[in-house]
Amino acid sequence: MVIGATGQIGRVAVEALATDDWEVTAVSRGGGRDESWPDGVRTARADRADDLALAAAVGDGCDVLVDMVAYGPEHARQLTKLAGRVGSAVVISSVSVYEDDKGRNFDTQEQPDGFPEYPVPVSEDQRTIAPGETSYSTRKAGLERELLAAADELPTTLLRAGTIHGPHCRTPRELYFVKRNLDGRRRRVLAYRGESRFHPASVHNIAELVRLAARRPGARVLNAVDPEAPTVAEIAVAVDAVMGVETESVLVDGPAPAETVGDTPWSVPHPVVCDMAAAEQELGYRAVARYARTLPDTVAWIERQLAGRDWREAYPKMFQNYGDLFDYAAEDAWLRT
């Protein structure tokens with residue numbers, strides 16, 4: 001059973017599991033189905049916040065429960081209550097639970113010198129943020145702790161995903177370069193000399209990890225990222241190649257020179273790069289997708305979403321998370337200096 005089956009990762013994971021000969025029940029609030037799914041995939045309507053509806057969807061039980069949308073400790077407790085009817089679980093977490101050896105994490109990044117400085121690459125034994133109710137990261141940490149504590153009842157594989165990319169994303173970082181190209185902006189300002197790295201994670205690679213973990217139940221935490229972590233400048237060039245345009249990058253030493261100039265969704269002062277050795281050893285994992293090869297589908301999806309719409313209407317969470325990414329007037333003013 002896959003909870004959150006019509007979301008960005010869920011769509012691909014359902015297809016991967018069905019192709020691997022699982023009998024899959026795709027659970028979502030709308031009870032819909034994706035055109036890529038084989039005919040044998042069953043669908044069910046349930047809101048995961050509704051304990052009774054979720055329990056009814058599980059019914060007499062399932063061998064594996066895959067949860068794409070678990071968020072906090074209450075969701076972990078919800079799953080463990082079903083332990084008697086569920087063989088094992090695979091649950092999506094986030095690399096945002098990591099903190100560095102000085103206690104810095106994604107929640108402290110707005111403070112002076114607050115962005116974490118992780119080892120490169122980050123392995124799963126890196127310390128994590130304390131669980132709590134204050135942020136996305138602390139709630140994900142609470143989710144992990146509750147599920148790991150209940151591993152005897154419900155063996156769970158937790159997948160710490162990086163910056164997820166692919167169609168159906170509500171916060172696609174590639175939007176930053178796609179829209180600029182559509183708007184005819186042929187110069188771009190990149191903070192930190194365009195060398196920032198924030199490890200991407202293809203929906204296809206995450207789905208492959210889900211497929212493998214379903215075959216090999218266990219209590220474990222694994223990173224879930226792509227085989228490479230391109231720099232911001234490399235991502236920009238890759239988007240340009242897909243869209244058939246030529247641009248010029250203006251590279252800035254250090255952080256963004258102005259509030260809305262040069263600060264991309266990937267721009268970080270220290271690299272966030274994760275190690276995939278544990279997944280390779282535990283599951284026999286091998287990546288099935290590369291960033292540049294999957295990028296055309298992502299770009300095409302973003303272009304369709306933007307067609308005839310204001311970007312803030314098409315992607316309200318991007319505006320909420322990052323503010324005005326396309327303040328061209330401010331950028332032009334800075335470039336003139």
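Our structure's up above, just so we're on the same page.
Reading the values: the criteria
- Residues numbered from 1 in each chain as written.
- Predicted model: local features only at pLDDT ≥ 70, side-chain atom pairs only at ≥ 80, totals over all residues.
- Heavy atoms only, no water.
- Phe/Tyr/Trp six-rings, centres within 6.5 Å; stacked < 30°, edge-to-face > 60°.
- Helix = DSSP H or I, 4+ residues; strand = E, 2+ residues; numbered from the N terminus.
- Buried < 20%, exposed > 50% of the residue type's maximum accessible area, 1.4 Å probe, protein only.
- Pairing = 2+ DSSP bridges.
- Right-handed = clockwise from strand over helix to strand, strands pointing away.
- Salt bridge = Lys/Arg side-chain N within 4 Å of Asp/Glu carboxyl O.

Undergrad: Can you tell me about the packing of aromatic side chains, naming the residues and giving the values?
TA: Each pair of aromatic rings is reported with the distance of its centres and the angle of its planes. Summed over all chains, the structure comprises eleven aromatic pairs. A ring pair is formed by W311 and F326, whose centres lie 5.0 Å apart and whose planes are at 85°; its orientation type is edge-to-face. Within this pair, whereas W311 is found in helix α10 (residues 311–314), its partner F326 is found in the loop between α11 (316–322) and α12 (328–336), the two being separated by 15 residues in sequence. Owing to a relative accessible area of 5%, W311 belongs among the buried residues under this scheme. Pairwise contacts between aromatic rings join Y176, F177, W266, W311, F319, F326 and Y328 into one cluster.

Undergrad: Explain unusual backbone geometry to me, and be specific about the residues and the numbers.
TA: In this structure, P121 follows V120 across a cis peptide bond, with omega equal to 0°. Note that P121 resides in the loop between β5 (86–94) and α4 (136–149). Look at H168: it is not a glycine, yet its phi comes out positive at around 75°. By the secondary structure assignment, H168 is in the loop between β7 (163–165) and α5 (175–182).

Undergrad: Give a description of the pairing of β5 that names residues and reports values.
TA: Most of β5 is tucked away: eight of the nine residues are buried. Bridge analysis of strand β4 (residues 62–67) against β5 gives five bridges, and the strand direction is parallel. Its bridge partner lying in β5, C62 is registered against V86. In this region the chain leaves β4, passes through helix α3 (residues 73–80) and returns to the parallel neighbour β5; the handedness of that crossover is right-handed. Here β5 runs beside strand β6 (residues 156–161); their pairing, made up of six bridges, is parallel. The residue of β6 that forms the bridge with A89 is T156. In terms of handedness, the path from β5 via α4 over to β6 forms a crossover that is right-handed.

Undergrad: Break down the pattern of salt bridges for me, with residues and values.
TA: Scanning all chains against the criterion turns up 24 salt bridges. The residue R77 makes a salt bridge to E146 at a minimum N-O spacing of 3.0 Å. One end of the pair, R77, is in helix α3; the other, E146, is in helix α4, with 69 residues separating them in the sequence. In this structure R77 comes out as partly exposed when scored by relative accessible area, which is 40%. Across the pair E133 and R139 runs a salt bridge whose closest N-O atoms are separated by 2.5 Å.

Read these as spatial facts, not as claims about activity.
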